[in-house]
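A structural walkthrough
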Amino acid sequence: SQTIHQWPATLVQPVGSPLSLECTVEGTSNPNLYWYRQAAGRGLQLLFYSVGIGQISSEVPQNLSASRPQDRQFILSSKKLLLSDSGFYLCAWSVYKDEKLFFGSGTQLSVL
Amino acid sequence: DAKTTQPPSMDCAEGRAANLPCNHSTISGNEYVYWYRQIHSQGPQYIIHGLKNNETNEMASLIITEDRKSSTLILPHATLRDTAVYYCIVLYNNNDMRFGAGTRLTVKP
């Protein structure tokens, strides 16, 4: 069966520090991968999605970047965090042409 | 820019049916209607989806109007564990999915 791993669960970082959040999927090949962010009390905002290794589409201009170094690995990064980067970050995957999304457990990021 | 409109909140008594409405008046003929829910501090969970016909699975039923401009998610016997934010989304085979603010359903004992 397929599983998605996302870590860490919580993270507190100072303003200006770097960020690296990792997501891996097991049990499937060539998944579509996604990063979402959810600000407190708000809906989910799509940040990045990827249909294959090295293929990243960005939905919102921002202080963040994403990379997909391996088929089932998706990384969210920042060189210098801003206060506005605080939020709940969710990784998700789907099978090509089947858009049912499977979400990870999320990372609660607090930038102080 | 979610293509759906949902009430911000609803209450339901435990054991009763919860009927969550969604308006999607600009839906295209080949766009599906998806429903997800998010329990506090967890990732969203897929519930059900449909195109034209009504659908039912072990979690819920989805009723889509004949003109497809609105739909209703039905939880037949709501429990306290069904308290969550429910998202209605329309989508056609894109590699992304955009979530609106959803409906916060509170199931009360």
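Now for a quick tour of the structure. (Residues numbered from 1 in each chain as written. Chains lettered and ligands numbered in written order. Predicted model: local features only at pLDDT ≥ 70, side-chain atom pairs only at ≥ 80, totals over all residues. Heavy atoms only, no water.)

Taken together, the contact between chain A and chain B spans 22 residues of the former and 19 residues of the latter. Taking both partners together, chain A and chain B bury about 1,500 Å²; carbon and sulfur atoms supply 54% of that area. It is Leu44, Glu99 and Lys100 of chain A that lose the most area in chain A upon contact with chain B, and together they represent 33% of the buried surface on that side. Where chain A packs against chain B, one counts zero salt bridges. At the junction of chain A and chain B, the tally comes to three residue pairs in polar contact (both at pLDDT 80 or more). Sorting the residues of the side of chain A that touches chain B by element identifies β4 (32-38), β5 (44-52), β9 (87-95) and β10 (98-103) of chain A as the ones contributing at least two each. (Contact = heavy atoms within 4.5 Å. Buried area = accessible area lost by both parts, 1.4 Å probe. Salt bridge = Lys/Arg side-chain N within 4 Å of Asp/Glu carboxyl O. Polar contact = N/O pair within 3.5 Å; in protein donor to acceptor, adjacent residues only side chain to side chain. Helix = DSSP H or I, 4+ residues; strand = E, 2+ residues; numbered from the N terminus.)

Let us now look at the sheet that holds strand β8 (residues 84-91) of chain B. Residues and elements named next belong to chain B. Spatial ordering of the open sheet is given by β1-β9-β8-β3-β4, a layout of five strands whose pairing is mixed. Edge positions in the sheet fall to β1 (9-13) and β4 (45-50), since each has one partner strand and no second. Here the average twist between neighbouring strands, direction ignored, is 25°. Where strand β3 (residues 32-38) and β8 come together, seven bridges link them in antiparallel fashion. Bridge pairing links Arg37 to Tyr86 in β8. (Pairing = 2+ DSSP bridges. Axes fitted to C-alpha atoms, helices over the stretch in contact; angles between N-to-C directions.)

By themselves these figures say nothing about function.
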